[in-house]
Amino acid sequence: MKIIARTGIALLLIAAVAGGLGYYFVCYPNTQVDDEGVFYIREDDSFENVMGNLQNNGYIKNSYTLRLVSRLKKYPEMVKSGRYRLKDGMNNNTLVNLLRSGNQEAVHFTFNNLRTLEQLAGVVSRQLEIDSLEFLETARRPDLQRELGFTPETFIGMFIPNTYQVYWNTKPEKLIRKMAEEYRKFWNDTRLAEAKKAGLSPMEVITLASIIEEETVRPEEYPVIAGVYINRLNKNIPLSACPTLKFALGDFTLKRILNKHMEIESPYNTYKNQGLPPGPIRMASVNVIDAVLHYKKHDYLYFCAKSDFSGGHYFSKTLHQHNIYAKQYHRALNQRKIY
């Protein structure tokens, strides 16, 4: 009986020790996080990469117990890429469950003040796990552009500058499709009704907004300039918009538009061609788009930059008055030796 009793006590002690070790391995806090706790797992990262990165970043107190729990839960075969948020004091079980589930935290993906898809590709590659060249190749696929309802000329207008919730490891095509969905959400019933009232399609609104955004740095002028251009469109007068020439020439650094620039053969030359160009000349900001939708109704047909280079413009109803302002501006350009 004594032997049986001793054996029973020994087994209880072993069970207690095993239980204690089990609790320590699984449930004891094993993370230390004194920063934002953002942890990235790339698509080609192995289990060993993940363990090494956790340790190198100082997030793990005891890597041996984490490895043991990871293997018990088959995590080495279930590594999922993503952007994860670690919290101080997480135990091994909670941490492994988080990483194994792929329950990552979304990125606040933001872009604004961009002109080209190339610039957007750079922003994408800095904020997400997407190669810039892969993004560009995907974005330029004619079949994808057609499927989403755009042309090569209008595709840039699909991207509405804003902040979006996107997973860090999102694939290029999935990101583009999300942007197309956000574009459709942006054009709600209210905005569609305003566009129709202005006699413009949504893409024509964006195209006009893209020109206006290049014309002035003063937000209060957006709806006024929009009114000028809509007046010209309604009267079948060429827009004669300098930014469209800069786009056609591929040089937005031009400080002065000369007669020779106006001779360029391009559908974007709004001095030679009536109506709007084939598509936006940049990504138009939301506030400029809305300024076009709520354009100011007036009788102005012309505007000219002020000769004091304040960034503002003079607005005119007649060509005679416009030419007076234009001469003042060109005189000021000459005085500053801007040729």
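Bear in mind the structure is a predicted one, so any value in this text is a computation, not a measurement.

**Observations concerning the side chain of Thr 170**
- On the secondary structure map, Thr 170 appears in the loop between strand 4 (162–166) and helix 8 (172–186).
- A relative accessible area of 10% places Thr 170 in the buried class.
- Within the structure, the side chain of Thr 170 is placed 2.6 Å from the backbone oxygen of Tyr 167, a separation counted as a polar contact.

**Some thoughts on the confidence of the model for the protein**
- Averaged over every residue, the pLDDT of the protein is 92; the share at 70 or more is 92%.
- Residue range residues 10–21 is modelled with pLDDT below 50. Its contacts to residues more than four positions away, or to other chains, number zero contacts.

**Things to note about the nonpolar core**
- Grouped together as the largest cluster of nonpolar side chains are 64 residues, with contacts concentrated most on Phe 111, Phe 135, Met 158, Phe 159 and Ile 289.
- The greatest single-element share of this core, amounting to eight residues, is contributed by helix 11 (residues 222–234).
- Discounting residues that sit within four places of it in the chain, Phe 135 has contacts with Leu 117, Leu 120, Ala 121, Val 124, Ile 130, Phe 159, Pro 172, Leu 175 and Ile 176.
- One finds Val 69, Val 96, Leu 98 and Leu 99 within the second-largest nonpolar core, a separate group that totals 19 residues.

**Here's the deal with helix 12 (residues 242–249)**
- Within helix 12, the full set of buried residues consists of Pro 243, Thr 244, Leu 245 and Lys 246.
- On the buried face of helix 12, the contacting elements are helix 10 (202–215).
- Gly 250 lies just past helix 12 and shows a positive phi near 70°.

**Here's the deal with the pattern of salt bridges**
- Counted according to the given criterion, the structure contains 20 salt bridges.
- For Arg 191, the salt bridge is made with Asp 290, and the minimal N-O distance between the two is 2.9 Å. One end of the pair, Arg 191, is in helix 9 (residues 189–198); the other, Asp 290, is in helix 13 (residues 286–293), with 99 residues separating them in the sequence.
- Classification of Arg 191 as buried rests on a relative accessible area of 18%.
- With a closest N to O distance of 3.9 Å, Glu 213 and Arg 282 form a salt bridge. In this pair, Glu 213 is assigned in helix 10 and Arg 282 in the loop between helix 12 and helix 13, connecting sequence segments 69 residues apart. In terms of burial, Glu 213 and Arg 282 fall into one category: buried.
- Linked by salt bridges that have partners in common, Arg 141, Asp 143, Glu 147, Glu 173 and Arg 177 make up one network.

The rules behind the values
Residues numbered from 1 in each chain as written. Predicted model: local features only at pLDDT ≥ 70, side-chain atom pairs only at ≥ 80, totals over all residues. Heavy atoms only, no water. Helix = DSSP H or I, 4+ residues; strand = E, 2+ residues; numbered from the N terminus. Buried < 20%, exposed > 50% of the residue type's maximum accessible area, 1.4 Å probe, protein only. Polar contact = N/O pair within 3.5 Å; in protein donor to acceptor, adjacent residues only side chain to side chain. pLDDT = per-residue confidence, 0-100. Contact = heavy atoms within 4.5 Å. Core = buried A, V, L, I, M, F, W, Y, C linked by side-chain atoms within 4.5 Å. Salt bridge = Lys/Arg side-chain N within 4 Å of Asp/Glu carboxyl O.

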